[in-house]
Amino acid sequence: MSDIILKMRGITKRFPGVVALDNVDFELRRGEMHALIGENGAGKSTLMKVLGGVYTPNEGRIEINGKEAAITKPLDSIANKVGVIYQEFNLVPTLNVAENMFLGREKIRGPGHLRKSEMERQAAKAMAQLGVRDFDLRTKVKHMSVAMQQLVEIGKAVFDDIDILVMDEPTAVLTERETKGLFQVVQKLKDDGMSIIYISHRLEEVIELCDRMTVLRDGRIIETIDNRDRNTEKDYIVKKMVGRELGNYFPAKTAAIRPDTALEVRGLTRKGTYENVSFSVKKGEILGLSGLVGAGRTEIVKSIFGADRPDRGEILVDGVPVSIRTPNQAKKAGIALVPEDRKREGVVLGMSLRDNICLPNHEQICRLGHVSRKKRLELAERYIKDLQIRPGDPDRQIKNFSGGNQQKGVIAKWLAASPKVMILDEPTRGIDVGAKVEIYNLINGLAANGTAVIVVSSELLELLGICDRILVVNHGRISGEFDREHFSQDAIMQASFDMGGTEHEGV
Ligand SMILES: Nc1ncnc2c1ncn2[C@@H]1O[C@H](COP(=O)(O)OP(=O)(O)OP(=O)(O)O)[C@@H](O)[C@H]1O
Ligand SMILES: [Mg+2]
């Protein structure tokens, strides 16, 4: 048996206006874990969609186990023992685990109706293969933590008896602890002989896990790096990815905090979710909310934004109590939220980038009561430039941008509204290093101009890098507060884990 399990040769994929893949050669060795890395829009997901039969390339061919593999639809890839977990989740929220695993598989699983018990038995077997045993297969996916959903995605992939597993950003939505759990699952699959392609923007993680890494830039292969000693320099990879040296990751802090309070929250409570949450943010201050996924951070900021109703508590903007029952009222009060789940809440996928940016910014694009086409274009173009959204085409539909560039679009739309209080929930999730630096600079710039900024993030290093102050949320309560002079990674981790309570469901 050859050492090479998969060869992709001369793959070219063109979309209107972009060459997403330009004559790409890629090889996967049997039993290796191989990272695919590159900036947002580099072509990583597209290459994997070609392998998964979602896209047909304009040119190129695929060989698996030395034989030409004709992959023109998703079922062909499964028939070739390739399982792909895509960047955006593909589970049906209203179905349970077993039903999700069987969805669309009827053809391979044989005709006729499988008995429910048989379906559940097989689903349980797939999950056991991952080392996941004690959970209810009948739970609907929408009631599960994201970490658990991620495991179900993997279970669904290995369920098909595959040799090659592709994971497109599996950890983007997980906390550090959940990530560790996922790594164990991946390690187990690897020990069982699976060949794995792994896409991630978290370079530390890639260095820790992968045997080799292939860098893509602008649809071309730049280099394949041997990492069997787990010792590759991060700066080296970054340079290959962005094609230039990247300066400091975090912007220099400009002393911008003003004496006046922009937002105050008093005794905010939503039963079973968070309790008695009180804090304030000053103008020009960057406040971080740290904690585990599921600790209640997203729910707290959603309530401030009027997307969730608290049972009790008060919200004050510029010292004045405001009644916020809807996002529209929050917006009027000067509060903006870049949500965690951009696909569901952040953008209108079928609309153009320009329309998405202009959507909440009606006033700015009107002149004498009419929408001004010129102003619309100016507004969109300004943010495309500031955030370096690629490709810089305001008319392209949001859904046709890469994951990271979609996220920049969401941020742009709220930046354009110039809010007094800007809340960003996991703003750099799934965003490459270069774009992260751009977003950190933007956040810093917002604060320098007097905006109060709240950042929810599961990447502690990021909060330590950009915030003036960090609050830790643990089981719906604030369990710690740290000023920049007293930042300590250990103490913050401690505050997010302790309090005895049961561990968060998940991996
Ligand atoms: N369905 C599509 N229609 C048009 N253009 C597309 C489509 N899918 C991807 N593209 C374009 O192809 C290029 C590569 O995108 P791709 O999603 O593969 O990037 P990526 O490396 O996965 O980025 P990210 O890290 O942001 O997920 C981008 O310029 C993107 O806008
Ligand atoms: Mg992608």
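Calculation criteria
Residues numbered from 1 in each chain as written. Chains lettered and ligands numbered in written order. Predicted model: local features only at pLDDT ≥ 70, side-chain atom pairs only at ≥ 80, totals over all residues. Heavy atoms only, no water. Core = buried A, V, L, I, M, F, W, Y, C linked by side-chain atoms within 4.5 Å. Buried < 20%, exposed > 50% of the residue type's maximum accessible area, 1.4 Å probe, protein only. Helix = DSSP H or I, 4+ residues; strand = E, 2+ residues; numbered from the N terminus. Domains from an automatic or database assignment. pLDDT = per-residue confidence, 0-100. Contact = heavy atoms within 4.5 Å. Buried area = accessible area lost by both parts, 1.4 Å probe. Salt bridge = Lys/Arg side-chain N within 4 Å of Asp/Glu carboxyl O. Polar contact = N/O pair within 3.5 Å; in protein donor to acceptor, adjacent residues only side chain to side chain. Nonpolar A, V, L, I, M, F, W, Y, C, P; charged D, E, K, R; others polar. Near = heavy atom within 4 Å. Areas by Shrake-Rupley, 256 points an atom, 1.4 Å probe, with all protein chains shown as cover. Phe/Tyr/Trp six-rings, centres within 6.5 Å; stacked < 30°, edge-to-face > 60°.

## Comments concerning the nonpolar core
- The biggest cluster of nonpolar side chains holds 74 residues, and the ones touching the most others in it are Leu-263, Phe-279, Ile-304, Ile-335 and Ile-454.
- When residues of this core are assigned to their parent elements, the largest contribution, seven residues, is made by helix α15 (residues 433-448).
- Residue assignment places this core across two domains, with domain 2 (247-334 + 419-507) and domain 3 (345-418) each supplying three or more.

## Re the confidence of the model for the chain
- Averaged over all residues, the pLDDT of the chain equals 87, while 93% of them reach at least 70.
- Per-residue pLDDT stays below 50 along residues 500-507; that stretch engages in 18 contacts with residues further than four places along the chain or on separate chains.

## A look at the domain arrangement of the chain
- What the domain assignment lists for the chain is domain 1 (4-242), domain 2 (247-334 + 419-507) and domain 3 (345-418).
- Each of domain 2 and domain 3 was reduced to a C-alpha centroid, and the two centroids are 25 Å apart.
- Carbon and sulfur atoms supply 68% of the area that domain 2 and domain 3 bury against each other, a total of about 1,200 Å² over both sides.
- Taken together, the connections running from domain 2 to domain 3 amount to one salt bridge.
- Across the pair Glu-438 and Lys-408 runs a salt bridge whose closest N-O atoms are separated by 3.5 Å.
- Linking domain 2 to domain 3 there are three residue pairs in polar contact (both at pLDDT 80 or more).
- For the side of domain 2 that touches domain 3, the elements supplying multiple residues, two or more each, are β19 (421-425) and α15.
- Looking at which element gives the most residues to the side of domain 2 that touches domain 3, the answer is α15, with five residues.
- Classifying every residue of the side of domain 2 that touches domain 3 gives 10 nonpolar, one polar and five charged.

## A closer look at the site of ligand 1
- Among the 21 residues in the neighbourhood of ligand 1, the closest are listed as Gly-41, Lys-44, Ser-45, Thr-46 and Gly-404.
- In the environment of ligand 1, an oxygen atom lies 2.6 Å from a nitrogen or oxygen atom belonging to the side chain of Thr-46.
- Interatomic distance of 2.9 Å between a side-chain N/O atom of Ser-402 and an oxygen atom of ligand 1.
- For ligand 1, the accessible surface in isolation is 640 Å², of which the surrounding protein chains cover 91%.

## Considering the side chain of Glu-63
- If you trace the backbone, Glu-63 turns up in strand β4 (residues 59-64).
- With residues up to four places along the chain from it excluded, the contact list for Glu-63 reads Ile-5, Leu-6, Lys-7, Glu-68 and Ala-69.

## A few points about the packing of aromatic side chains
- For the coordinates displayed, the defined rule picks out four aromatic pairs.
- With centroids separated by 5.1 Å and ring planes inclined at 75°, the aromatic side chains of Phe-15 and Tyr-55 adopt a geometry described as edge-to-face. Linking Phe-15 in strand β1 (residues 4-15) with Tyr-55 in the loop between α1 (44-51) and β4, this pair joins segments that are 40 residues apart in sequence.
- A relative accessible area of 24% means that Tyr-55 is categorised as partly exposed.
- With a centroid separation of 5.1 Å and 40° between ring planes, the pair formed by Phe-250 and Tyr-440 is classed as tilted. Taken together, the positions of Phe-250 in the loop between α8 (234-242) and β11 (261-270) and Tyr-440 in helix α15 put the pair 190 residues apart, joining distant regions of the chain.
- Judged by its relative accessible area of 28%, Phe-250 falls in the partly exposed class.
- Here Tyr-440 falls in the buried class, since its relative accessible area comes to 5%.

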